[in-house]
Structure formats: C-alpha cells, structure tokens
Amino acid sequence: MHCALLNIMKGLFKTWDGTKLNADISGKPGSPGSYLISKKAQKQLDKQLRFSRKNMPQRLTSCLPKYAHFRPFKSAEWQDFLETYGVSLMYGYLPPIVHANLCLLNEIWVTSTKASITAEDIELVRRKCQQFITTYQDIYYQGLKSRIQACTVNHHWLLHLADGLKINGPARYWWSYPLERFCHEVKVHARSKSEIGKSIANGLLRDEQISHLWLLGIDPTRLHPDAKDPTVYPQLGSRIRYPHENVKLTNDNRIKIAK
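Nothing here was measured: the structure is a model prediction, and the numbers come from that model.

Here we look at helix α5 (residues 119-141)
Thinking step 1. Under the 1.5 Å per step criterion, the end-to-end length of α5 is 32 Å for 23 residues, consistent within 8% with the ideal 33 Å.
Thinking step 2. Considered for burial, the residues of α5 that qualify are Asp 121, Ile 122, Val 125, Lys 128, Cys 129, Phe 132, Ile 133, Tyr 136, Ile 139 and Tyr 140.
Thinking step 3. On the buried face of α5, the contacting elements are α1 (2-17), α4 (96-112), α6 (153-158) and α7 (161-168).

What about the packing of aromatic side chains?
Thinking step 1. All chains considered together, the criterion is met by 9 aromatic pairs.
Thinking step 2. Judged by centre distance (5.0 Å) and plane angle (80°), the rings of Phe 13 and Phe 81 are edge-to-face. Within this pair, whereas Phe 13 is found in helix α1, its partner Phe 81 is found in helix α3 (residues 75-89), the two being separated by 68 residues in sequence.
Thinking step 3. Ring centres 4.8 Å apart and planes at 55° place the aromatic pair Tyr 35 and Tyr 140 in the tilted group. Pair noted here: Tyr 35 is in the loop between α1 and α2 (39-55) and Tyr 140 is in helix α5, with a separation of 105 residues, a long-range link.
Thinking step 4. Exposure remark for Tyr 35: the relative accessible area of 1% places this residue in the buried category.
Thinking step 5. Of the aromatic side chains, those joined through ring pairs into one cluster are Phe 13, Trp 16, Phe 73, Trp 78, Phe 81 and Tyr 85.

Points about the confidence of the model for the chain
Thinking step 1. Considering every residue of the chain, the mean pLDDT works out to 80; 79% of them sit at 70 or more.
Thinking step 2. Considering only residues more than four positions removed or in separate chains, one finds that residues 238-243, a stretch of pLDDT under 50, has 3 contacts.

Focus: a positive patch on the surface
Thinking step 1. Residues Lys 47, Arg 50, Arg 53, Lys 54 and Lys 66 make up a contiguous surface patch of positive charge.
Thinking step 2. With respect to the secondary-structure elements, Lys 54 resides in helix α2.
Thinking step 3. Overall, the relative accessible area of 65% leaves Lys 54 in the exposed class.

Calculation criteria
Residues numbered from 1 in each chain as written. Predicted model: local features only at pLDDT ≥ 70, side-chain atom pairs only at ≥ 80, totals over all residues. Heavy atoms only, no water. Helix = DSSP H or I, 4+ residues; strand = E, 2+ residues; numbered from the N terminus. Expected span 1.5 Å × (residues − 1). Buried < 20%, exposed > 50% of the residue type's maximum accessible area, 1.4 Å probe, protein only. Contact = heavy atoms within 4.5 Å. Phe/Tyr/Trp six-rings, centres within 6.5 Å; stacked < 30°, edge-to-face > 60°. pLDDT = per-residue confidence, 0-100. Patch = residues over 30% accessible without salt bridge, like charges linked within 9 Å, V, L, I, M, F, W, Y side chains within 5 Å. Areas by Shrake-Rupley, 256 points an atom, 1.4 Å probe, with all protein chains shown as cover. Salt bridge = Lys/Arg side-chain N within 4 Å of Asp/Glu carboxyl O. Lys, Arg positive; Asp, Glu negative; His and termini not counted. Charge placed at Lys NZ, Arg CZ, Asp CG, Glu CD.

Have a look at this one:
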C-alpha cells in the first residue's frame, strides 16, 4: 500500500506536475520531460473529473476531488485512481510510453491484490515489475545525474513484490490497511497524558464490549444509565418486538400515511 500508492503513484503525479525533479523545474540543469502536464491540461482533467463524478456509482469507486489538490490524497483515493479509472483518465494527456508505464503499474496492483493468486500470477507480477522499473528509468531517470531524484527506494522494493506474494499470498492479506485502521482506533483513545496506556486500554475494552452488544442484537444506544442490574438488557417495545400483532393507528398517523 505504502510502496505503490503513497509513494510510487503519488511520486508520478508530482513528476507529471513538474515539482519532483530539479531537471523539470525552470532554471535548473537538464531539459523538462515530455510527460509534464500543463496547467491547461490540468484544468481539462478537473473538468472531466467534475462531470464524471455525477455518473460514477459510489459503490464502485470515489472520484478524485481535484487534480491540482492531489498532495493530501490518502491511500484509498490513490487506490481508486490506480485501480479503476486512472488509466482511462490519463489517456491522451500522457505520451504513449508514459501511459504504457502507468498501465504496467495498474496491472501489477490489480494482480497483486486479487483474492487468490496462482504461481502464474506471481511470475506475471515479477515480469511486469521488471518491465515497469526498466521503462520508468528510461522515461524519468534517463541515466542522468541531474535526474537521480527519480530513483527512490520504493522502486527497488517493487522488485521484491513477487517474493512477498510467494511467501505471504495476495497483498490484500498483509498490506497496511488493517494496521493503520487499528492505529487510528488507538489514537482516538489516547486522552490522558499521565496514564496514556490505561486510557487506550480502557477505550479499546469499551469498544469491544459495545461490539459484543451489537452481536447480541442489542442496541447500546438504548441502555438506560440508571439501570440497576447491568446484566438485564433493555427490551424493545411491544410494537417492534411483536410485529405480527395488529397495531391500531392514530388519526395523525392515518393522515400522514394518506399524504
């Protein structure tokens, strides 16, 4: 997740924006790359994103808020871009070789995060990672010292992805999403500065107890604070508890239904 989304994918955006490599910045040594996306093209991308957002089902993916405001994007937004619509969105805005390089990263991500993976898939990921790194270096590094910023440790880590898949299985079972979700749950309970460990432990225990109530079919929001016996849980009203009984409607309810 961190390697492909928050580092490589975000780094590509910064490179296309002209803010990552010194060789692409005006007045610096070297020549700007053909992959740079102009401000005019960025406005056109924002326009396409704005109109596409109306027709994109939310259950399918979420659309990027705005192309120019990509720096605070989180991993979920980068995943939607790389996995779902980024390849088609950037078609025509990037040179063919640059777009083909993005397609390789898309194929690597989709294959690595499948629910099940075969030995053929692992070898496919290995070949695609090698092709991606080779073409990436040809496009952005070009063997020039002034472009060494394009080569980061994350690109080296990508070459070890196939070995990780072979040992641990599909990436969806060992990526950082569950760990970061747990870290977020822990962070909100760190209220006490003097007893931070106790406050976290008490908060997590309370959340677990509430989760068990939901599993028992009990709505914790209906627990009365003055209940004497905490083991006696509140029961639903008769109209909800026994829906088969005939419930007489009041005149107000009849008027509301008629409207």
